[in-house]
Amino acid sequence: GNSVTQMEGPVTLSEEAFLTINCTYTATGYPSLFWYVQYPGEGLQLLLKATKADDKGSNKGFEATYRKETTSFHLEKGSVQVSDSAVYFCALSDRLKAAGNKLTFGGGTRVLVKP
Amino acid sequence: KAGVTQTPRYLIKTRGQQVTLSCSPISGHRSVSWYQQTPGQGLQFLFEYFSETQRNKGNFPGRFSGRQFSNSRSEMNVSTLELGDSALYLCASSLGVAGPSNEQFFGPGTRLTVL
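Values in this document were obtained by computation on a predicted structure and should not be read as measured data.

Peer 1: I keep staring at the environment of Gln36(B) and nothing clicks. Help me out?
Peer 2: Residue and element names in this part refer to chain B. Positionally, Gln36 belongs in strand E4 (residues 31-38). Considering only alpha carbons, one finds Gln36 and Gly16, 20 residues apart in sequence, at a separation of 19 Å. For Gln36, the residues in contact, after removing those within four places along its chain, are Gly42, Leu43, Gln44, Leu46, Phe60, Phe64, Gly84, Asp85, Ala87, Leu88 and Tyr89. One polar contact links Gln36 to Tyr89, side chain to side chain, over a distance of 3.0 Å.

Peer 1: Quick question: what am I supposed to make of the pairing of strand E7 (residues 56-59) of chain A here?
Peer 2: As a general feature of sheets, a regular strand has side chains that alternate between the two faces. All names here are of chain A. When E7 meets strand E8 (residues 62-65), the two strands line up antiparallel, connected through four bridges. Its bridge partner lying in E8, Ser58 is registered against Glu63. What sits between the antiparallel neighbours E7 and E8 is a turn of two residues, in which Lys60 has the positive phi angle 50 degrees.

Peer 1: What is the right way to look at unusual backbone geometry in this model?
Peer 2: Leave glycine aside and you will find that most residues have negative phi; peptide bonds, for their part, are mostly trans. Residue Pro10(A) is bonded to the preceding Gly9(A) through a cis peptide linkage, with omega at 0 degrees. Inspection of the secondary structure assignment puts Pro10(A) in the loop between strand E1 (3-6) and strand E2 (11-14). Cis geometry is adopted by the peptide bond preceding Pro8(B), which originates at Thr7(B) and carries an omega value of -10 degrees. The phi torsion at Glu16(A) lies on the positive side, around 75 degrees, for a residue other than glycine.

Peer 1: I tried to follow the packing of aromatic side chains on my own but got confused; where do I start?
Peer 2: Geometry of an aromatic ring pair is reported as the spacing of the ring centres plus the angle between the planes. Tallied over the entire structure, the rule returns 13 aromatic pairs over all chains. Between Tyr36(A) and Phe106(B), the ring centres sit 5.4 Å apart and the planes meet at 80 degrees, which makes this aromatic pair edge-to-face. Of this pair, Tyr36(A) sits in strand E5 (residues 32-38) while Phe106(B) sits in strand E10 (residues 105-106), which puts the two residues in different chains. Here Tyr36(A) matches Phe106(B) in class, with each residue buried. Ring centres 5.7 Å apart and planes at 45 degrees place the aromatic pair Tyr35(B) and Phe106(B) in the tilted group. Here Tyr35(B) is found in strand E4, whereas its partner Phe106(B) is found in strand E10, with 71 residues between them in sequence. The buried category is assigned to Phe106(B), whose relative accessible area is 10%. Grouped by ring-pair contacts, the aromatic residues Phe34(A), Tyr36(A), Phe89(A), Phe105(A), Tyr35(B), Phe45(B) and Phe106(B) constitute a single cluster. It is Lys68(A) that lies over the ring of Tyr30(A); its NZ or CZ is 5.2 Å from the centre.

Quick notes on the rules
Residues numbered from 1 in each chain as written. Chains lettered and ligands numbered in written order. Predicted model: local features only at pLDDT ≥ 70, side-chain atom pairs only at ≥ 80, totals over all residues. Heavy atoms only, no water. Helix = DSSP H or I, 4+ residues; strand = E, 2+ residues; numbered from the N terminus. Contact = heavy atoms within 4.5 Å. Polar contact = N/O pair within 3.5 Å; in protein donor to acceptor, adjacent residues only side chain to side chain. Pairing = 2+ DSSP bridges. Phe/Tyr/Trp six-rings, centres within 6.5 Å; stacked < 30°, edge-to-face > 60°. Buried < 20%, exposed > 50% of the residue type's maximum accessible area, 1.4 Å probe, protein only. Lys NZ or Arg CZ within 6 Å of the ring centre and 35° of its normal.

Have a look at this one:
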């Protein structure tokens, strides 16, 4: 079956520091990959996505590159802000029609950015 | 465009009771998926409905059920509640065409507490 593994948190950083959250996946097919962010008391928001190998997703200064050879989709941001404090989830969806829209999530990584 | 709405936002029930949660998708979206989020198990897929039919189902006992109406609104029901059912239940809507770029939009969730 499909699975997603991401680094455990919490990750504590100072403002303007570099952030990396590792994510690796196992999939039977050729998945699409996503990063979602969850702010306190809210649902999930799509941060970025990549649908094929070597695609780079980017949004709000965050980037992640779909690496098929290493089955990875690491999230990076060059200079974090206090407002980036949240829980980040790596996820995949199988492209098979039978799989529908099911998302398989990693365990989440809590990020705390201190001023 | 209004986002995904879930009602109620908070619920407190006792063991053995049953509960019904509601989700209204974004206008024009035909797919609704449900997820359970707990600190121990993370985000787990419950089921997906598309055009009033269950398209996919996760590994949850039969006490968890759902349905979708002709206007795409969805309900999920949990019968004979157990303490372990305490969780944040998230609903996600999408256009419904399974494929690499089909983005899912999440609601704020319903926080269920079972006493």
